[in-house]
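# A closer look at the structure
Chain by chain, the residues run as shown.
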Protein chains: 4
Amino acid sequence: MKTPVQPPDLDELKQRIRAFAFERGWERYHTPKNLAMALIGEAGELIERFQWLSPEESVHLNPERHEQVRQEIADVLIYLIRLADLLDIDLLQAAADKIELNGQKYPVEKARGNADKYSEL
Amino acid sequence: MKTPVQPPDLDELKQRIRAFAFERGWERYHTPKNLAMALIGEAGELIERFQWLSPEESVHLNPERHEQVRQEIADVLIYLIRLADLLDIDLLQAAADKIELNGQKYPVEKARGNADKYSEL
Amino acid sequence: MKTPVQPPDLDELKQRIRAFAFERGWERYHTPKNLAMALIGEAGELIERFQWLSPEESVHLNPERHEQVRQEIADVLIYLIRLADLLDIDLLQAAADKIELNGQKYPVEKARGNADKYSEL
Amino acid sequence: MKTPVQPPDLDELKQRIRAFAFERGWERYHTPKNLAMALIGEAGELIERFQWLSPEESVHLNPERHEQVRQEIADVLIYLIRLADLLDIDLLQAAADKIELNGQKYPVEKARGNADKYSEL
């Protein structure tokens, strides 16, 4: 399935997803509200691939499970790109800004000292 | 908050997220199983921003809501990047492959003819 | 499918779900962490039944869709009962306490006055 | 917080939740579509309580975490009751029917023989 050529960048994917929806007359269904639902639906399918695995097993997926997870991850990204497109959000910039914000929220010294309490952070 | 420079690409974000986890001693928490949970947790926060809005309202978010949504979208992407990193999945290629697969699953002619039944597709 | 007899109460359902897991040797998979995942996975399937419907359409489901939704709702409840059982939580009492707590959090006068801002509450 | 009296049954909770929404003028927000979103939003908050815990830790929650989980579980149940109410679904009967259906789907002999492959079932 993998092509030997360079994978497309996020912008190219955005264009393909736009075209996909347009060609099928699905644009009217693609409100941000509905897309947020579709996104979490796919995240739910992703969860189902992991729910009965131990944390260790989840690190070493067999090839079949790995491919299923790869497809669910792809579905989440597709809806994320589409949602960001409709709301005029630059995904990469948004993530970069959030990483910086998280850095202020969880300073290294405090986070390290409380590693055991990560779940409280 | 936004810097005038070019936003980083996915690869650069992956490196920053790796460093973020490493510096805080959080790597041991970052199993694929746990990250899938964190991802859907963020998707849940995204849903909460939309749940009482009409589909129309979700198209025209006020600036404050738009920024909240932008941050939740960023959080989803951050965990998606981290999860894909741990499972050695190329996000862009995975999405490109899935769009192609979806194209076979929902051929244009059939999809258009059943636009009203989109929810059944 | 519906039997003419009285439906079981929550306690009886809890016993049946216990037996179901025991008979299949599934108890070891049923940690609270895993059950919380299974629950949100089912909630994701529920979401998928509604995601492309307008709010109005979601009120008037056709019989087939209604039955699908009924089954997804049942799955969510089953995992909720199982999770509460393992954590020794009385579901009915927990809900009653939470309704009271929510009443303090959203007093009637304030909530009514801000109905348009429900999403901010 | 717990009262010494008998906890209410599901039907009594349904009435209280109805009154809660009515008194606050929130009925118009409570379409099945929106309630399915609110439900998964609460399920997401539940997931966040477990995401960094090991499966073992999730079995032995400290009192504070246990109370947080109890409240999230209550929130999920409250939205489940409300959603079922609006769609005229008898929660207990729906769960009883689904348990029976699941019994046909996963017969004991087959399930036991494949306990190690539970995740494939």
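This report concerns the structure included in the present document. (Residues numbered from 1 in each chain as written. Chains lettered and ligands numbered in written order. Predicted model: local features only at pLDDT ≥ 70, side-chain atom pairs only at ≥ 80, totals over all residues. Heavy atoms only, no water.)

The next subject is helix H1 (residues 10-23) of chain C. An ideal rise of 1.5 Å per residue puts 20 Å on 14 residues; H1 of chain C measures up with 20 Å between its terminal C-alpha atoms. For H1 of chain C, the full list of buried residues reads Leu10, Leu13, Ile17, Phe20 and Ala21 of chain C. On an axial view of H1 of chain C, the arc spanned by its buried residues comes to 90 degrees, and they lie on one face. Buried residues along H1 of chain C sit in contact with helix H4 (63-86) and helix H5 (91-105) of chain C together with helix H1 (10-23) and helix H5 (91-105) of chain D. Just downstream of H1 of chain C, Gly25 of chain C is the residue with a positive phi angle, here 70 degrees. (Helix = DSSP H or I, 4+ residues; strand = E, 2+ residues; numbered from the N terminus. Expected span 1.5 Å × (residues − 1). Buried < 20%, exposed > 50% of the residue type's maximum accessible area, 1.4 Å probe, protein only. Arc of directions from axis to C-beta. Contact = heavy atoms within 4.5 Å.)

It is worth spelling out a negative patch on the surface at this point. Judged by side-chain charge, Glu56 and Glu57 of chain A together with Glu56 and Glu57 of chain D come together as a negatively charged surface patch. Within the residue set of the negative patch, elements represented by two or more residues are helix H3 (55-59) of chain A together with helix H3 (55-59) of chain D. Along the polypeptide, Glu56 of chain D turns up in helix H3. (Patch = residues over 30% accessible without salt bridge, like charges linked within 9 Å, V, L, I, M, F, W, Y side chains within 5 Å. Areas by Shrake-Rupley, 256 points an atom, 1.4 Å probe, with all protein chains shown as cover. Salt bridge = Lys/Arg side-chain N within 4 Å of Asp/Glu carboxyl O. Lys, Arg positive; Asp, Glu negative; His and termini not counted. Charge placed at Lys NZ, Arg CZ, Asp CG, Glu CD.)

Residues and elements named next belong to chain A. The tally for this structure, following the rule as stated, stands at 36 salt bridges over all chains. The closest approach of N and O atoms between Arg49 and Glu72, which form a salt bridge, is 3.7 Å. Here Glu72 lies in helix H4 (residues 63-86) and Arg49 lies in helix H2 (residues 32-50), a separation of 23 residues in the sequence. Across the pair Asp85 and Arg82 runs a salt bridge, and its minimum N-O distance is 3.9 Å. Of this pair, Asp85 and Arg82 both sit in helix H4, three residues apart, roughly one helical turn. For the residue pair Asp85 and Arg82, the accessibility class agrees, reading buried in each case. Put simply, Arg18, Arg82 and Asp85 are held in one network by salt bridges that share partners.

Bringing the side chain of Asn102 of chain D into the picture now. With respect to the helices, strands and loops of the structure, Asn102 of chain D is situated in helix H5. Leave out the neighbours within four places in its chain, and Asn102 of chain D touches Phe20, Asp75 and Ile78 of chain C.

The next point concerns the interface of chain A and chain B. Each partner contributes residues to the interface: chain A has 77 residues there, and chain B has 77 residues. Carbon and sulfur atoms supply 71% of the area that chain A and chain B bury against each other, a total of about 6,900 Å² over both sides. For the pair chain A and chain B, the interface holds four salt bridges. Summed over the shared surface of chain A and chain B, the number is 16 residue pairs in polar contact (both at pLDDT 80 or more). The element best represented in the side of chain A that touches chain B is helix H5 (residues 91-105) of chain A, accounting for 13 residues. Class assignment of the residues belonging to the side of chain A that touches chain B gives a composition of 49 nonpolar, 13 polar and 15 charged. (Buried area = accessible area lost by both parts, 1.4 Å probe. Polar contact = N/O pair within 3.5 Å; in protein donor to acceptor, adjacent residues only side chain to side chain. Nonpolar A, V, L, I, M, F, W, Y, C, P; charged D, E, K, R; others polar.)

It is worth spelling out the relation of the copies chain A and chain B at this point. At an RMSD of 0.0 Å, chain A and chain B line up after a rotation of 180 degrees and a shift of 0.0 Å along the axis. Between the two chains, the operation in question is that of a two-fold axis. If distances are taken from each C-alpha of chain A to the rotation axis, the shortest is found for Ile40 of chain A, at 3.3 Å. Comparing interface residues between copies, 99% of those in chain A also lie at the interface in chain B; the contact surface is shared. (Least-squares fit on C-alpha atoms with pLDDT ≥ 70 in both.)

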